[in-house]
Amino acid sequence: MKLPSMNLLKLRRFPILDQLHLEERLLRTSSENWCIVNNGTIDPTIVMGISGEASELLEVNLVLRDQIPVIRRFTGGGTVIVDKGTVFVTFICNKDVVLGLQPYPRPIMAWSSLIYEQVFEGVGTYRLRENDYVFGDRKFGGNAQSITKGRWIHHTSFLWDYEVENMLYLKVPTRAPKYRVARDHLEFICRMKDYMPRSAFIDGTIKATANHFSLRSTEMEEVESTIEDFVPSSKLLKRQELEEAAVAPPEDQLERFLSKRSLRRNGLKNLHYPAYSFYFVSCGSFVQFSRFLFSLLASPHPGFKFTPRTHQTMRLIEIQHGNVVLNLHHMKTLPSTINVSCRKMGEAALEHPSYEVIHMANGYEIRRYVSSVWMTTLPIQNISFTDATDNGFSQLFNYIQGANNKKLKIEMTAPVLTQVTPSDGPFCKSTFVVSFYVPKANQANPPSANGLHVQIWKNQYVAAHRFGGFASDSNIALEAAALQSSLQVSAWYPKIVKSRGNSTTYIVAQYNSPYDFNNRVNEILLAFDV
């Protein structure tokens, strides 16, 4: 069988920002398949994923002091510091070039692992573990991807060697693979040079790739003469951006006691429980927010338990007194507000829509929902699932708090749904629709509101896949791909394909408050008709 063609571009000490610009140009403007091997970059450089935040991932003051460049690339993935000891390998392919390969993150990751199994045959205990290449339980290769309508890119930074002192610039991320088990950087990663020569790895990678493609070597001059001009989205962060990320809570403390009176001084009114309620409090800036939280943490009071938490999209202080829990919550997407909720522990569960499970298998279940009523936003155009969901939920929250034609307050329910229609690329806006399940008491005649409309499910069939943690831009596509892979070998798949056709739309269902950090429940839903 004739192998598909692939261009091979070998580089040495090519600047990583230029490489990222080149890769995006080839992904967007070329129709050919590419393998790029860059044997090291020039200066130590930090590279973050598309949604990376310097304040959460970097020791920003050290980065500023030592003038380390920081890049935000056009693909997802984690944060890495690269230098002359890093080897970069990139595959850019058309979706149909690998026979049987589904163009989703996990299948692409699994395919790439087969390539490297040939490279590392008999070397260490190589395997793909979650999204990393490891020897045993020590990571040596980190991956990032981007998938467009007709093409995909999978690129890897391999740690052939690294400088120990460079690890000081990186924080331990709050979202980490389970197998990391809270290990610091030096306990988590390893050097490839302890396992094989650098040249053997590069030659082995090219040889393994040649088993799947007919390789044609090319030079940088030829590449530059054939590809179209393109404005890349990977960028070097400005010093001002890093300085803003380095803002720390000041030493001067504000109020040093916790009471309704002090909370009102900071802008909160009508605090009550046991009802689960949100309060949007203007605080001007994150600095002012930090001062307030710092004052709470710095002033212990008998009977009060203070628990600070952090997450990719939020900062949270949980304050518990007896059986009352108060949450102060700052969303990065709403920098001038603090969300405050107050509840009693052990409250009754929220009302859910009714359904029956008609088939259950490994990784998914098929449900039939009885007729249910949902209040739904207009389509929201955004590059971020998290931002769009926050936007839609704010509209729906105002609705249930009385911003409707009847000025009626409506009980909170679960789940909150976000329908996702993916875009063709990471910097193209996807389409999101956010929905709230209307309680049965209000379904006969739900209040109306500007910008919202009623959606009715009538005996809707749904394929559901459950996952934990926080639903975010970094994992929803992976979970959707996992559901798709499970369904492809099921008897339900022909019915789903017949109903959905080529639709890529899926639904993310979130059942928990954003303040629940443990035992979270989310689902990917694919709706279809039978």
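To start, this report covers the structure provided alongside it. What you see is a predicted model; the values in this text were computed from it and never measured.

## A word on the sheet that holds strand S1 (residues 5–12)
By definition, the strands of a sheet pair up through backbone hydrogen bonds, in either a parallel or an antiparallel sense.
Then, in step 1: Within the open sheet, the 8 strands sit side by side as S7-S8-S9-S10-S6-S2-S1-S11. Their pairing is mixed. Two strands in the sheet have a free side with no partner beyond their single neighbour: strand S7 (126–129) and strand S11 (214–218). Between one strand axis and the next, the sheet turns through 20° on average, direction left out of account.
Then, in step 2: As paired elements, S7 and strand S8 (residues 132–135) share 4 bridges and run antiparallel to each other. The residue of S8 that forms the bridge with Arg 127 is Val 134.

## Points about the nonpolar core
Then, in step 1: Ala 463, Leu 487, Tyr 506 and Val 508 are the most contacted members of the largest nonpolar core, which totals 35 residues.
Then, in step 2: When neighbours within four sequence positions are excluded, Val 508 is seen to be in contact with Phe 385, Val 416, Leu 417, Thr 418, Val 420, Ala 471, Ile 476, Glu 523 and Ile 524.
Then, in step 3: In this structure, Phe 91, Val 97, Ile 108 and Ile 115 belong to the second largest nonpolar core, which totals 33 residues.

## Some details on the pairing of strand S9 (residues 138–147)
Then, in step 1: Examined bridge by bridge, S8 and S9 share 4 bridges and lie antiparallel to one another. Its bridge partner being in S9, Asp 132 is matched across the sheet by Gly 142.
Then, in step 2: Hairpin connection of S8 to S9: 2 residues between the antiparallel strands, including Gly 136 at a positive phi of 70°.
Then, in step 3: Across 7 bridges, S9 lies against strand S10 (residues 151–159) in antiparallel orientation. Bridge pairing links Gln 145 to His 154 in S10.
Then, in step 4: What sits between the antiparallel neighbours S9 and S10 is a turn of 3 residues.

## Focus on the sheet that holds strand S5 (residues 80–82)
Then, in step 1: In spatial order, the strands read S5-S3-S4-S12; together these 4 strands make up an open sheet with mixed pairing. In the strand order of this sheet, the two ends are held by S5 and strand S12 (235–236), each with one partner.
Then, in step 2: In this sheet, S12 lies alongside strand S4 (residues 70–72) in antiparallel orientation, the contact comprising 2 bridges. The residue of S12 that forms the bridge with Ile 71 is Leu 236.

## Some thoughts on the packing of helix H4 (residues 105–119) against helix H6 (residues 198–210)
The description of two packed helices rests on the angle between their axes and on the distance between the axes.
Then, in step 1: Two elements in contact, H4 and H6, have axes separated by 8 Å at closest approach and are oriented at 125°. As summarised for this structure, H4 and H6 are arranged oblique, according to the angle between their axes. Between H4 and H6 lies a crossing whose hand is right-handed. Residues Ile 115, Tyr 116, Gln 118 and Val 119 of H4 pack against Phe 201, Gly 204, Thr 205, Ala 208 and Thr 209 of H6.
Then, in step 2: Here the residues of the contact of H4 with H6 are counted per class, giving 5 nonpolar, 4 polar and no charged.

## Considering the pattern of salt bridges
Then, in step 1: Overall, the coordinates contain 14 salt bridges when judged by the stated rule.
Then, in step 2: Among the ionic pairs, Arg 216 bridges to Glu 222, the shortest N-O distance being 3.2 Å.
Then, in step 3: One salt bridge connects Glu 365 with Arg 367, and the closest N-O pair in it is separated by 2.7 Å. Taken individually, Glu 365 and Arg 367 each receive the classification buried, so the pair is uniform in this respect.
Then, in step 4: Within this structure, Glu 365, Arg 367, Arg 466 and Glu 523 form a network of salt bridges that share partners.

## Let's talk about H6
Then, in step 1: With 13 residues, H6 extends 19 Å from end C-alpha to end C-alpha; this agrees with the ideal 18 Å at 1.5 Å per step.
Then, in step 2: Taken together, the buried positions of H6 are occupied by Arg 198, Phe 201, Ile 202, Gly 204, Thr 205, Ile 206, Ala 208 and Thr 209.
Then, in step 3: Looking at the buried residues of H6, the elements they touch are S1, strand S2 (34–39), strand S6 (86–94), H4, S10 and S11.

## Comments concerning the pairing of strand S18 (residues 355–361)
Then, in step 1: In this structure, S18 lies alongside strand S19 (residues 364–369), joined through 6 bridges in antiparallel fashion. Across the sheet, the residue bridging to His 359 is Ile 366, located in S19.
Then, in step 2: Here S18 hands over to S19 after 2 residues, with Gly 363 in that stretch at a positive phi of 95°.

## Some words on the packing of aromatic side chains
Then, in step 1: Scanning all chains against the criterion turns up 27 aromatic pairs.
Then, in step 2: Where Phe 120 meets Phe 135, the ring centres are 5.4 Å apart and the plane angle is 85°; that geometry is what we call edge-to-face. Of this pair, Phe 120 sits in the loop between H4 and S7 while Phe 135 is found in strand S8, placing the two residues 15 residues apart along the sequence. Exposure class is identical for Phe 120 and Phe 135. Each is buried.
Then, in step 3: Judged by its relative accessible area of 4%, Phe 135 is buried.
Then, in step 4: By way of ring pairs, the aromatic residues Tyr 116, Phe 120, Tyr 126, Tyr 133, Phe 135, Phe 140, Phe 158, Tyr 195 and Phe 201 are connected into one cluster.
Then, in step 5: Here the guanidinium or amino end of Lys 495 rests over the ring plane of Trp 492, the centre of that ring lying 5.4 Å away.

## Digging into a nonpolar patch on the surface
Then, in step 1: A cluster of nonpolar side chains, Tyr 355, Val 357 and Met 360, forms an exposed patch at the surface whose accessible area comes to about 290 Å².
Then, in step 2: Tracing the backbone shows Met 360 in strand S18.
Then, in step 3: Met 360 sits in the exposed class, given a relative accessible area of 60%.

## Overview of the packing of H4 against helix H13 (residues 476–488)
Then, in step 1: For the pair H4 and H13, the least separation of the axes is 7 Å and the interaxial angle reads 80°. The orientation of H4 with respect to H13, classified from their angle, is roughly perpendicular. For the pair H4 and H13, the contacting residues are Pro 105, Arg 106 and Pro 107 in the first and Ala 477, Leu 478, Glu 479, Ala 481, Ala 482 and Ser 485 in the second.

## Overview of the environment of Asn 518
Then, in step 1: Its place among the elements puts Asn 518 in the loop between strand S26 (506–510) and strand S27 (522–528).
Then, in step 2: Taking the C-alpha atoms as reference points, Asn 518 and Gly 469, separated by 49 residues in sequence, lie 7.6 Å from one another.

## Some remarks on helix H11 (residues 385–400)
Then, in step 1: For H11, built from 16 residues, the straight-helix expectation of 22 Å at 1.5 Å per residue is met to within 8% by its first-to-last C-alpha distance of 22 Å.
Then, in step 2: Within the span of H11, buried status applies to Phe 385, Thr 386, Ala 388, Thr 389, Asp 390, Gly 392, Leu 396, Phe 397, Tyr 399 and Ile 400.
Then, in step 3: Here H11 starts with a cap whose side-chain oxygen sits 3.3 Å from the backbone nitrogen of Thr 386, and that cap is Ser 384.

Cut-offs and rules
Residues numbered from 1 in each chain as written. Predicted model: local features only at pLDDT ≥ 70, side-chain atom pairs only at ≥ 80, totals over all residues. Heavy atoms only, no water. Pairing = 2+ DSSP bridges. Helix = DSSP H or I, 4+ residues; strand = E, 2+ residues; numbered from the N terminus. Axes fitted to C-alpha atoms, helices over the stretch in contact; angles between N-to-C directions. Core = buried A, V, L, I, M, F, W, Y, C linked by side-chain atoms within 4.5 Å. Buried < 20%, exposed > 50% of the residue type's maximum accessible area, 1.4 Å probe, protein only. Contact = heavy atoms within 4.5 Å. Parallel < 35°, antiparallel > 145°, perpendicular 65-115°, else oblique. Left-handed = near helix turned anticlockwise from the far one by under 90°. Nonpolar A, V, L, I, M, F, W, Y, C, P; charged D, E, K, R; others polar. Salt bridge = Lys/Arg side-chain N within 4 Å of Asp/Glu carboxyl O. Expected span 1.5 Å × (residues − 1). Phe/Tyr/Trp six-rings, centres within 6.5 Å; stacked < 30°, edge-to-face > 60°. Lys NZ or Arg CZ within 6 Å of the ring centre and 35° of its normal. Patch = residues over 30% accessible without salt bridge, like charges linked within 9 Å, V, L, I, M, F, W, Y side chains within 5 Å. Areas by Shrake-Rupley, 256 points an atom, 1.4 Å probe, with all protein chains shown as cover. Polar contact = N/O pair within 3.5 Å; in protein donor to acceptor, adjacent residues only side chain to side chain.

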